[in-house]
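Architecture and fold: a report
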Amino acid sequence: LSASPEDTALPEEETAAVLVSAPKDGQRVVIYNEAEQSAVTGQLISGFLEAEPWEAQGPALKAPQPDAALVFTAQTAENGTVRFHDPEGRWLVPADNGLTLSAEPESEELTWWAPEPAYGGWNIVNAEMKDRALAAGNGLTAVVQGGERDDAFVFNFYEPVGEKP
């Protein structure tokens, strides 16, 4: 974020979610791409998850929270990896060069992600398929293999206001 939080903070009543660092175990978070100004949703489109536009201001996402924006619960491991499940118990997993939510993934190892610090946020790299990371573009969120990790790969985690880890 380019401006200081004090200069750009939203009034509390206009704030739907606040920026947090890497998720803690049990914390509920929105996965948000700053460049696309969008949050991951649970809506599958042609092997990708749709991204919902949502305006950020400083360290906050503006109220109201879009209905389609998915709030994940994080589960962390001692090695720093994290996995994310939605309210229906589906895990965020890569799928055939895409991205999906699965209650029964083909491999539990595919559910783990390694947040790596990046300029302006995190690259969310699959812990099993280390050359694949979340990327956003054209209203979709996908898992992309290799290449330069530009702004499309930079995500942040926001905790919905009123949520407790």
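Everything below is about the structure printed above this text.
One structure accompanies this document, and this report is about it.

About the cut-offs
- Residues numbered from 1 in each chain as written.
- Predicted model: local features only at pLDDT ≥ 70, side-chain atom pairs only at ≥ 80, totals over all residues.
- Heavy atoms only, no water.
- Helix = DSSP H or I, 4+ residues; strand = E, 2+ residues; numbered from the N terminus.
- Polar contact = N/O pair within 3.5 Å; in protein donor to acceptor, adjacent residues only side chain to side chain.
- Contact = heavy atoms within 4.5 Å.
- Core = buried A, V, L, I, M, F, W, Y, C linked by side-chain atoms within 4.5 Å.
- Buried < 20%, exposed > 50% of the residue type's maximum accessible area, 1.4 Å probe, protein only.
- Phe/Tyr/Trp six-rings, centres within 6.5 Å; stacked < 30°, edge-to-face > 60°.
- Lys NZ or Arg CZ within 6 Å of the ring centre and 35° of its normal.
- Pairing = 2+ DSSP bridges.

Focus on the side chain of T81
Locating T81 in the fold gives a position in the loop between β7 (72–76) and β8 (82–85). Side-chain polar atoms of T81 contact the side chain of N79, separated by 2.7 Å. Setting aside residues no more than four positions away along its own chain, T81 makes contact with Q75, T76, W112, W113, A114 and A127.

Thoughts on unusual backbone geometry
A negative phi angle is the norm for most residues apart from glycine, just as the trans form is the norm for most peptide bonds. Between A63 and P64 the backbone carries a cis peptide bond, its omega angle lying at 0°. Within the fold, P64 resides in the loop between β6 (60–62) and β7. Positive phi, close to 50°, is recorded for S46, a residue that is not glycine. By secondary structure assignment, the location of S46 is in the loop between β3 (38–45) and β4 (48–53).

Topic: the nonpolar core
Membership of the largest hydrophobic core comes to 21 residues, with the highest contact counts inside it found for I31, F72, F84, L92, W113, L134 and F157. Where this core is concerned, the elements lending two or more residues are β2 (28–33), β7, β8, β10 (98–102), β12 (121–126), β13 (132–137) and β15 (154–160). Aside from chain neighbours lying at most four places away, what touches F84 is P23, V29, I31, F72, T73, A74, R90, W91, L92, T111, W113 and F157. If you look at the next biggest cluster of nonpolar residues, it comprises 10 residues, including A17, V30, A39 and W54.

Thoughts on the packing of aromatic side chains
The way to describe two aromatic rings as a pair is by their centre distance and the angle between their planes. What the rule picks out here adds up to three aromatic pairs. Centroid distance Y32 to Y158: 5.3 Å. Interplanar angle 75°. Geometry classified as edge-to-face. Placement of Y32 in strand β2 and of Y158 in strand β15 is noted, with a sequence separation of 126 residues between them. This pair shows no difference in class: Y32 is buried, exactly as Y158 is. The rings of F72, F84 and F157 are connected pair by pair, giving a single aromatic cluster. Directly above the aromatic system of W91 lies the positively charged group of R83, at a separation of 3.9 Å from the ring centroid.

Focus: the environment of E14
Tracing the sequence through the fold places E14 in the loop between α1 (5–8) and β1 (15–20). Once residues lying within four places of it in the same chain are set aside, the contact partners of E14 are L61, K62 and A63.

Some details on the pairing of β4
The pairing of β3 with β4 spans five bridges and is antiparallel. Bridging across to β4, S38 finds its partner in P53. Hairpin connection between β3 and β4: a loop of two residues separates the two successive antiparallel strands, and S46 in this loop has a positive phi of roughly 50°. Bridge count for β4 against strand β14 (residues 140–145) is two bridges, and the pairing is antiparallel. Note on β14: the bridge partner recorded for L49 is T141.

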